[in-house]
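# Secondary and tertiary structure notes
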Amino acid sequence: MTGTPASVVEAAFRHYRSQDREAAQPLYAEDFTFTSPQDDRIDKETYFRRCFPTADRFGEQRLLHVTPADGELVFAHYEYELATGGRYRNVEAITVRDGLIREVQVFFGGRQPDPKAPVVP
């Protein structure tokens, strides 16, 4: 994949949301690892079997910020709403080297207030 690390990350998020596994897999290095509070350095095969097919849990997901930290590290800050309700924000630290995603570390955020809820003083 050519392009900036940020554009690789944005493409990976698009393919995840559309569940286009065929387009997503070439973005990830063979030695890719994924870590979250629920996963400890799982490999590419496990990620695509366990984590990638979960997009249907979300009613909505949108990238708020895709921020390069250096030549390889990109921070992705996103908000999502679960199909069952509840809005949350997470941050991912994503290492992109030679156009491939090498590592993702997910940091779970907290529940966000409902933007449609009335403000109570």
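Every value quoted in this text rests on a predicted model; they were computed, and no experiment measured them.

This part covers the pairing of strand E6 (residues 100–112). Within a regular strand, the side chains alternate between the two sheet faces. Relative to E6, strand E1 (residues 28–36) runs parallel, the two sharing four bridges. Paired with Thr33 across the bridge in E6 is Glu103. Pairing analysis gives 10 bridges linking strand E5 (residues 87–97) to E6, with the strands arranged antiparallel. Counterpart to Ile94 in the pairing with E6 is Val104. The turn joining E5 and E6, which pair antiparallel and follow one another in sequence, is formed by two residues; a positive phi near 55° is taken by Asp98.

What follows deals with the packing of aromatic side chains. One pass over the structure, following the stated rule, counts 13 aromatic pairs. Plain terms: the ring middles of Tyr28 and Tyr47 are 5.7 Å apart, the flat faces sit at 35° to each other, and that makes the pair tilted. Note that Tyr28 is positioned in strand E1 and Tyr47 in helix H3 (residues 44–51), a separation of 19 residues in sequence. Tyr47 matches Tyr28 in its accessibility class, with the two residues each being buried. The rings of Phe13, Tyr16, Tyr28, Phe32, Phe34, Tyr47, Phe48, Phe52, Phe58, Tyr78, Tyr80 and Tyr88 are connected pair by pair, giving a single aromatic cluster.

Here we come to the pairing of strand E4 (residues 73–82). Sheet analysis places strand E3 (residues 58–68) next to E4, joined by nine bridges and oriented antiparallel. When the sheet's bridge partners are listed, Thr67 is paired in E4 with Phe75. Taken together, E3 and the strand that follows it, E4, pair antiparallel across an intervening segment of four residues. Strand direction decides the pairing type here: E4 and E5, joined by nine bridges, are antiparallel. Bridging from a neighbouring strand, Tyr80 pairs with Tyr88 of E5. Linking E4 back to E5 in an antiparallel pair, the connection comprises four residues, with Gly85 at a positive phi of about 110°.

Scoring rules and cut-offs
Residues numbered from 1 in each chain as written. Predicted model: local features only at pLDDT ≥ 70, side-chain atom pairs only at ≥ 80, totals over all residues. Heavy atoms only, no water. Pairing = 2+ DSSP bridges. Helix = DSSP H or I, 4+ residues; strand = E, 2+ residues; numbered from the N terminus. Phe/Tyr/Trp six-rings, centres within 6.5 Å; stacked < 30°, edge-to-face > 60°. Buried < 20%, exposed > 50% of the residue type's maximum accessible area, 1.4 Å probe, protein only.

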